[in-house]
Amino acid sequence: MGRDLGELNREEYARYKEDTKKEGKGFFPFAMWHDTVMSLVVVGVITALAAIWYFDADGTESGILGPWYTEPAEPGTTDFIPRPDWFFYFLFYLLRIFEWPETVFIATVGIPTICLILLIGLPFYDRRRERRPLHRPVAMVAAILTIISMGVLTWKGATAKEALGSELVLLVPTWAEEQGFADDPQAVSGAELFAQSGCMNCHTYLGEGNGNLGAPDLSEVGRTNDAEYFVRYLTNPAAFGNNVMGSYSYLGQENLEALGAFLAASQGSSEDN
Amino acid sequence: MAAKSKRQQAIDLAVLTPLDWVDERTGAVRGTKWFLFRNVPRDISWMQTLGSAALTAFIVQALTGAILAMYYKPSSEIDPLTGKPIAYTSIEAITNELTLGWLVRGMHKWGASVFIILLFLHMGRVFLFGAYKYPRELTWITGVLILVMGMLMGFTGYLLPWDQTAYWATVVGINLNGTAPFAGPWLAQFLAGGAEIGSDTLPKWYALHMLLIPGALIALIFVHIYLVTRLGVSSPPWSSERAGRERAAAAAPSGARAGLVRGSGGD
């Protein structure tokens, strides 16, 4: 046609301006009336949610919309399951897909950054004038795939199996048998500590645990290093280039040595070999 | 010049004169007229109320947040009377003792989720309508930034009750920031207010949550609404109305149509 996109865009917009001026309706009162009704619905929904939340719960006792508050923050506790607000579940679950530590930054920084750039740049790479959804198949398929993947990630994040120390500790005898450290009392007490100290909020072990932050599976970690190395690692993970995991030095030397013995004894399930 | 009635003169003096005085100096009256008395396409739909719905949710957050700020104490020190952290104690007091405190806190807590949901729905509507295209690119970008700021509000606000849920979610969140290349460890340390989450963390997050991020958010919302007003609301893409569409009749040369009717011309 010889006419460039910018020119066509400006023409169409000028037509829009003219038509709206001549044939449109007033924002006030017509559109504003719809906005007002919708706003009242929004305030109503928020108030209803607040009321259901409040009247169905009691203190730390949860109702259908959760408790008023949980117990006071206690940095020393180790059996609490970390869980973000629902709109971060997708990110939370992405972390389980990627392996720590080499690729975890893909989940925490890489993918969100790329998504944000794609989102901000949308008007600049989708430059066609066409606005009808059925005539924009690529955009519509991309949108549907985005909605599905966000939905699935959010759902998986919401229903991810939670590992409670009090339940996990029941598995210790099974672990001891599978790993063959049943007659090593130090390793057994290390296994109990491992189950109760929140390690399994991030790590998996013989198919149990959460894998938050994409932390590695520890079922066979004993093949890589000895007990003394694990004690040093737990005392200060940052010294080993691990800035995600916190220090466990507060457990005390005796407990750390028990954990070290347990990890060193974790040579992998005999069934796997 | 027609003589004005006494009544008209009184109205002029009481209402119009002060308004004119203000308008002459600020343009506020002209600005309000510009905002209110503009035309929108005849066939805009209910789907196009999602933006103002999100704005309403934000206003609810701002009002309830201001009330909460009057009673909330951002300190993780232990209150000697209750043996619990001061922040936690103040949240308990707001929920249990303050008149309608539960409602204010509940609306703020649930309003946050409603706000985020409405932002996503609004963005989905704009995408469906292709309304981010020329000339509304900057409206889209400010909208995306509003969404990012909204999620940051959620992230920083989640810690403030200083209960177990809040604390551990934030530990995870700060560790996530720590995995970023280069700036990550520095960012994590800044957010934690030290090597670990402690007494310096809470006031810092409180300041981010109620001063810095909302400031940016309010500024972005103003720019966004200014752009919407200036550029106009787009009609639905399947619109049967003319606004913004190619005019088939006007585009086709009149001779062609005449020819078609007579059955002699055509091309």
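Residues numbered from 1 in each chain as written. Chains lettered and ligands numbered in written order. Predicted model: local features only at pLDDT ≥ 70, side-chain atom pairs only at ≥ 80, totals over all residues.

**Describing the overall build of chain B**
At step 1: Looking only at helices and strands, one finds 11 helices and 1 strand in chain B.
At step 2: Reading the secondary structure of chain B in the N-to-C direction produces α-α-β-α-α-α-α-α-α-α-α-α.
At step 3: Classification of the 267 residues of chain B by burial places 40% in the buried group.
At step 4: Taking the contacts inside chain B whose residues are at least 6 apart along the sequence as the reference set, 64% of them involve residues at least 24 apart. (Helix = DSSP H or I, 4+ residues; strand = E, 2+ residues; numbered from the N terminus. Buried ≥ 20, exposed ≤ 12 C-beta atoms within 10 Å, placed from the backbone. Contact = placed C-beta atoms within 7 Å.)

**Some remarks on the overall build of chain A**
At step 1: When helices and strands are counted, chain A shows 10 helices and 3 strands.
At step 2: Written out in order from the N terminus, the α and β elements of chain A read α-β-α-α-α-α-α-α-α-β-β-α-α.
At step 3: For chain A, buried positions account for 31% of its 273 residues.
At step 4: Here the contacts in chain A between residues at least 6 apart in sequence split such that 63% fall between residues at least 24 apart.

**Re the confidence of the model for chain A**
At step 1: Put simply, chain A has an average pLDDT of 85, and 89% of its residues get 70 or more.
At step 2: Within chain A, helix 2 (residues 27-56) of chain A carries the highest mean pLDDT (96), whereas helix 6 (residues 165-168) of chain A carries the lowest (67). (pLDDT = per-residue confidence, 0-100.)

**Here's the deal with the nonpolar core**
At step 1: Counting 57 residues, the largest nonpolar core has Ala 57 and Phe 115 of chain B as the members making the most contacts within it.
At step 2: Here this core takes 13 residues from helix 5 (residues 101-129) of chain B, the largest share from any one element.
At step 3: One finds Leu 168, Phe 181, Phe 230 and Ala 264 of chain A within the second-largest nonpolar core, a separate group that totals 30 residues. (Core = buried A, V, L, I, M, F, W, Y, C linked by C-beta atoms within 7 Å.)

**Things to note about the domain arrangement of chain A**
At step 1: Each domain of chain A was delimited in the assignment, giving domain 1 (1-70) and domain 2 (165-265).
At step 2: Once you take the C-alpha centre of each, domain 1 of chain A and domain 2 of chain A turn out to be 50 Å apart. (Domains from an automatic or database assignment.)

**With respect to the packing of helix 7 (residues 164-178) of chain B against helix 8 (residues 184-192) of chain B**
Between two packed helices, the angle of one axis relative to the other and the distance separating the axes together describe the packing.
Residue and element names in this part refer to chain B.
At step 1: In the contact formed by helix 7 and helix 8, the axes pass within 7 Å of each other and the chain directions differ by 150 degrees. If you check the angle between helix 7 and helix 8, you find them roughly antiparallel. Contacts from Ile 174, Asn 175, Asn 177 and Gly 178 of helix 7 reach helix 8 at Gly 184, Pro 185, Leu 187, Ala 188, Leu 191 and Ala 192.
At step 2: By residue class, the composition of the contact of helix 7 with helix 8 is 6 nonpolar, 4 polar and no charged. (Axes fitted to C-alpha atoms, helices over the stretch in contact; angles between N-to-C directions. Parallel < 35°, antiparallel > 145°, perpendicular 65-115°, else oblique. Nonpolar A, V, L, I, M, F, W, Y, C, P; charged D, E, K, R; others polar.)

**Some details on the interface of chain A and chain B**
At step 1: Taken together, the 63 residues of chain A in the interface contact 71 residues of chain B.
At step 2: At the level of secondary structure, the elements contributing two or more residues to the side of chain A that touches chain B comprise helix 1 (5-23), strand 1 (25-26), helix 2 and helix 4 (104-125) of chain A.
At step 3: With 16 residues, helix 2 of chain A is the single largest residue contributor to the side of chain A that touches chain B.
At step 4: In terms of residue class, the side of chain A that touches chain B is made up of 36 nonpolar, 11 polar and 16 charged.
At step 5: Both strand 1 of chain A and strand 1 (residues 39-40) of chain B contribute to a ladder of 2 bridges, which runs antiparallel. (Pairing = 2+ DSSP bridges.)

**Topic: unusual backbone geometry**
At step 1: Along the chain, Phe 28 of chain A connects to Pro 29 of chain A via a cis peptide bond; the corresponding omega equals 5 degrees.
At step 2: With respect to the helices, strands and loops of the structure, Pro 29 of chain A is situated in helix 2.
At step 3: Residue Pro 135 of chain B follows Tyr 134 of chain B across a cis peptide bond; omega there is 0 degrees.
At step 4: Looking at the element boundaries, Pro 135 of chain B is found in the loop between helix 5 and helix 6 (137-159).
At step 5: Phi is positive for Trp 162 of chain B, close to 55 degrees, though the residue is something other than glycine.
At step 6: Along the chain, the position of Trp 162 of chain B falls in the loop between helix 6 and helix 7.
At step 7: With 27 C-beta atoms packed within 10 Å, Trp 162 of chain B lands in the buried category.

**Concerning the packing of helix 9 (residues 227-235) of chain A against helix 10 (residues 253-265) of chain A**
Residues and elements named next belong to chain A.
At step 1: Relative to each other, helix 9 and helix 10 sit at 125 degrees, their axes nearing to 8 Å. Classified by the angle their axes make, helix 9 and helix 10 are oblique. The crossing of helix 9 and helix 10 is right-handed. Along the contact surface, helix 9 presents Ala 227, Glu 228, Phe 230, Val 231, Leu 234 and Thr 235, while helix 10 presents Leu 256, Glu 257, Leu 259, Gly 260, Ala 261, Leu 263 and Ala 264.
At step 2: Looking at side-chain class alone, the contact of helix 9 with helix 10 contains 9 nonpolar, 2 polar and 2 charged residues. (Left-handed = near helix turned anticlockwise from the far one by under 90°.)

**A word on the environment of Arg 136 of chain B**
Residues and elements named next belong to chain B.
At step 1: Within the secondary structure, Arg 136 is located in the loop between helix 5 and helix 6.
At step 2: On a C-alpha basis, the gap between Arg 136 and Tyr 206 in space is 34 Å, while along the polypeptide they are 70 residues apart.
At step 3: Arg 136 has contacts with Ala 131 and Leu 231, leaving out every residue within four places of it along the chain.

**Some remarks on helix 7 (residues 172-179) of chain A**
All names here are of chain A.
At step 1: What helix 7 keeps buried is the set Val 172, Trp 175 and Gln 179. The buried residues of helix 7 occupy one face: seen down the axis, they fall within an arc of 60 degrees. For helix 7, the exposed residues set more than 90 degrees away from the buried face come down to Pro 173, Thr 174 and Glu 177.
At step 2: If you follow the buried residues of helix 7, they end up packed against helix 8 (185-196) and helix 10. (Arc of directions from axis to C-beta.)

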